[in-house]
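Chain by chain, the residues run as shown.
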Amino acid sequence: MANTGNLLIRGGTVIDPARNIHGQQDVLIRGNSFVDIMPGEDVEAEEIVEATGSLVMPGLIDNHTHCFYGGTELGFVPDPSLLPMGVTTAVDQGSSGIASCDSFMQTVVNHSQMRIFCTINVSPTGIITERYPENLDPRNYSLERLHELFQRYPERLVGLKVRQGREMVGELGLSPLKAAVQLGNELGCRVTVHAADAPGDVADLVSILRVGDVLCHCYHGKGSTIIDRNGKVRSEVRAARANGVIFDSADARIHHSYPVIKAALADGFFPDVISTDLTRASLFGTMVFGLPAVMSKYLSLGLSLPQVVKACTATPAGLIGMAGKLGTFAAGAFADVAIFHLTEKAFLFKNRLGEAFRGSKLLIPQMTILNGKIMFRQIDFFEAGA
Ligand SMILES: [Zn+2]
């Protein structure tokens, strides 16, 4: 008897770093999950997607976005923006705080087709605007209100966010981060820290972080960076990684510097997570565009396909408590798929530091599948028999 499913993706090059798979394979979907195909097994499906010549990846996870549309100035509408990029899961990093979390859940998270997770800002307002920073005085934090929200949204709230940049913390020094980590201990959750242009030395900052905490904008170029005077990665930063701190690129328009990235990669310090820090201001723009463009940048910088795909699937899935359920083709995982063409094409990336980077490999989205349903198809990407 044949193995049956609703949708078969045939002949593509599958990349599933969670299971160390990189090669030609078929992917079978039944309902909203993946089904294993045994070698040589007969397969029948209602619909077939012909993917020969394409890369077939688990639905991508953008671990750093700002999609609180309607509640913040920088929030974009997630579904129409991200699904055409192969992104099926987004993590909003601290757009909302205790004062606005309910509204974010009710107006965006629960009304989106794609999966949205979020960290909650320790500042009660979250990040309403970029025109002035949120108030990060720890006296305004509320363990009680945070506790209530973590109980109300246990499946969506995945940690705390604190922006530790000099322009946000002012005279407060490292006290917002220290207070956030204390809250993280009380709540039993991870803390993501915006580390770009933090006051003081990066060694002091990483010494506060615990196993599983996330340092985002890890390749930033302002203030104390992860690179030392000899162009090598700081020993304290390497020690933090060895102790279980996670490093997320979260490039944004201004939170990455090519000399820092190049020095780090040359020294073997690769990003655990590759994400965009996408906002309404950078969406489809020439400095960030979206996750496929940022992935293309790291491919052009010399990372391998499995390295890049892992940083946008298996690793962030683990951070949001969805290992084995998202970011993999493992049997029983949610049937989210991103199909791409990888082309040799020159492109130019600039950033707000005035640096430029010329890339040569470009991932072009062809099809996005969410819960077994086709959500996006490139106009010239047809299936067999269509
Ligand atoms: Zn951000």
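Note that the structure is a prediction, hence the values are computed from the model and not measured.

1. Quick notes on the sheet that holds strand β10 (residues 115-121)
Here is step 1: Strand order in the open sheet formed by seven strands is β8-β9-β10-β11-β12-β13-β14, with parallel pairing between adjacent strands. Two strands bound the open sheet, and with one partner strand each, they are β8 (60-65) and β14 (246-248). Here the average twist between neighbouring strands, direction ignored, is 25°.
Here is step 2: In terms of strand pairing, strand β11 (residues 157-163) meets strand β12 (residues 191-194) through four bridges, oriented parallel. When the sheet's bridge partners are listed, L160 is paired in β12 with V191.
Here is step 3: On top of the sheet, helix α5 (residues 175-187) reaches β11 and β12; it is set at about 165° to β11, its chief contact.

2. A few points about the pairing of strand β4 (residues 27-30)
Here is step 1: The pairing of strand β1 (residues 3-10) with β4 spans three bridges and is classified as antiparallel. Residue L8 lies in a different strand from β4, and its bridge partner there is L28.
Here is step 2: Here three bridges tie β4 to strand β5 (residues 33-35), and the two strands are oriented antiparallel to one another. Bridging across to β5, I29 finds its partner in F34.

3. As for empty space enclosed by the protein
Here is step 1: All told, the structure shown has two cavities of 30 Å³ or more when counted by the stated rule.
Here is step 2: Lining the largest cavity we find N63, V91, Q93, T119, V158, R190, T192, V214, L319 and I320.
Here is step 3: Considered class by class, the residues forming the lining of the largest cavity number five nonpolar, four polar and one charged.
Here is step 4: Together, A195, A198, P199, G200, D201, V202, L205, L215, H220 and S224 line the second largest cavity.
Here is step 5: Looking at the lining of the second largest cavity, its residues break down into six nonpolar, three polar and one charged.

4. With respect to the sheet that holds strand β16 (residues 356-370)
Here is step 1: With mixed pairing, the six strands of this open sheet are ordered in space as β3-β2-β7-β15-β16-β17. Each of the sheet's edge strands pairs with one partner strand only, and the pair in question is β3 (21-24) and β17 (373-377). When the angles between neighbouring strand axes are averaged without regard to direction, this sheet yields 35°.
Here is step 2: As judged from the four bridges shared by β16 and β17, these two strands associate in the antiparallel manner. Within the sheet, the bridge partner assigned to I369 lies in β17 and is I374.
Here is step 3: Along the sheet, helix α9 (residues 291-300) makes contact with β7 (55-58), β15 (337-350) and β16, crossing β16 at roughly 135°.

5. With respect to the coordination of the zinc ion
Here is step 1: Donor atoms from the polypeptide that coordinate the zinc ion comprise H64 (NE2), H66 (NE2) and D277 (OD), at 2.1 to 2.3 Å from the metal.
Here is step 2: Read in sequence order, the donor residues coordinating the zinc ion give the pattern H-x1-H-x210-D. On the criterion of sequence distance, the pair formed by H64 in strand β8 and D277 in the loop between α8 (258-266) and α9 is long-range, its members being 213 residues apart.

6. Description of the layout of surface pockets
Here is step 1: As a volume, the largest pocket reaches approximately 500 Å³.
Here is step 2: Forming the boundary of the largest pocket are 29 residues, of which E130, R163, H194, I254 and H255 lie nearest the centre.
Here is step 3: If you list the elements that add at least two residues to the lining of the largest pocket, you get β11 and α4 (166-169).
Here is step 4: Taken together, the residues of the lining of the largest pocket break down into eight nonpolar, 11 polar and 10 charged.

7. Remarks on the environment of I48
Here is step 1: Note on placement: I48 falls in strand β6 (residues 43-50).
Here is step 2: Considering only alpha carbons, one finds I48 and N6, 42 residues apart in sequence, at a separation of 8.6 Å.

8. As for the pattern of salt bridges
Here is step 1: Scanning the entire structure with this criterion turns up 19 salt bridges.
Here is step 2: Ionic pairing is found between D36 and R19, a salt bridge with its closest N-O pair at 3.9 Å. Of the two residues, D36 sits in the loop between β5 and β6 while R19 sits in the loop between β2 (13-16) and β3, which places them 17 residues apart along the sequence.
Here is step 3: Residue D36 is classed as partly exposed on the basis of its relative accessible area of 37%.

9. Observations regarding the packing of helix α3 (residues 143-152) against α5
Here is step 1: Interhelical geometry of α3 versus α5 gives an angle of 45° and a closest axis separation of 11 Å. The pairing of α3 with α5 is recorded here as oblique in orientation. Between α3 and α5 lies a crossing whose hand is right-handed. Counting all contacts with α3, which are made through L143, L146, H147 and F150, the residues of α5 involved are L183, E186 and L187.
Here is step 2: Along the lines of polarity and charge, the residues of the contact of α3 with α5 split into five nonpolar, one polar and one charged.

Calculation notes
- Residues numbered from 1 in each chain as written.
- Predicted model: local features only at pLDDT ≥ 70, side-chain atom pairs only at ≥ 80, totals over all residues.
- Heavy atoms only, no water.
- Pairing = 2+ DSSP bridges.
- Helix = DSSP H or I, 4+ residues; strand = E, 2+ residues; numbered from the N terminus.
- Axes fitted to C-alpha atoms, helices over the stretch in contact; angles between N-to-C directions.
- Contact = heavy atoms within 4.5 Å.
- 1 Å grid on protein atoms, 1.4 Å probe; cavity = no way out; pocket = protein on both sides within 12 Å on 5 of 7 lines; lining within 4 Å.
- Points joined across faces, edges and corners; volume = space filled by probe spheres on them.
- Nonpolar A, V, L, I, M, F, W, Y, C, P; charged D, E, K, R; others polar.
- Donors = N, O, S within 2.8 Å, 3.2 Å for Na, K, Ca; no water.
- Salt bridge = Lys/Arg side-chain N within 4 Å of Asp/Glu carboxyl O.
- Buried < 20%, exposed > 50% of the residue type's maximum accessible area, 1.4 Å probe, protein only.
- Parallel < 35°, antiparallel > 145°, perpendicular 65-115°, else oblique.
- Left-handed = near helix turned anticlockwise from the far one by under 90°.

By themselves, these figures tell us nothing about what the structure is for.
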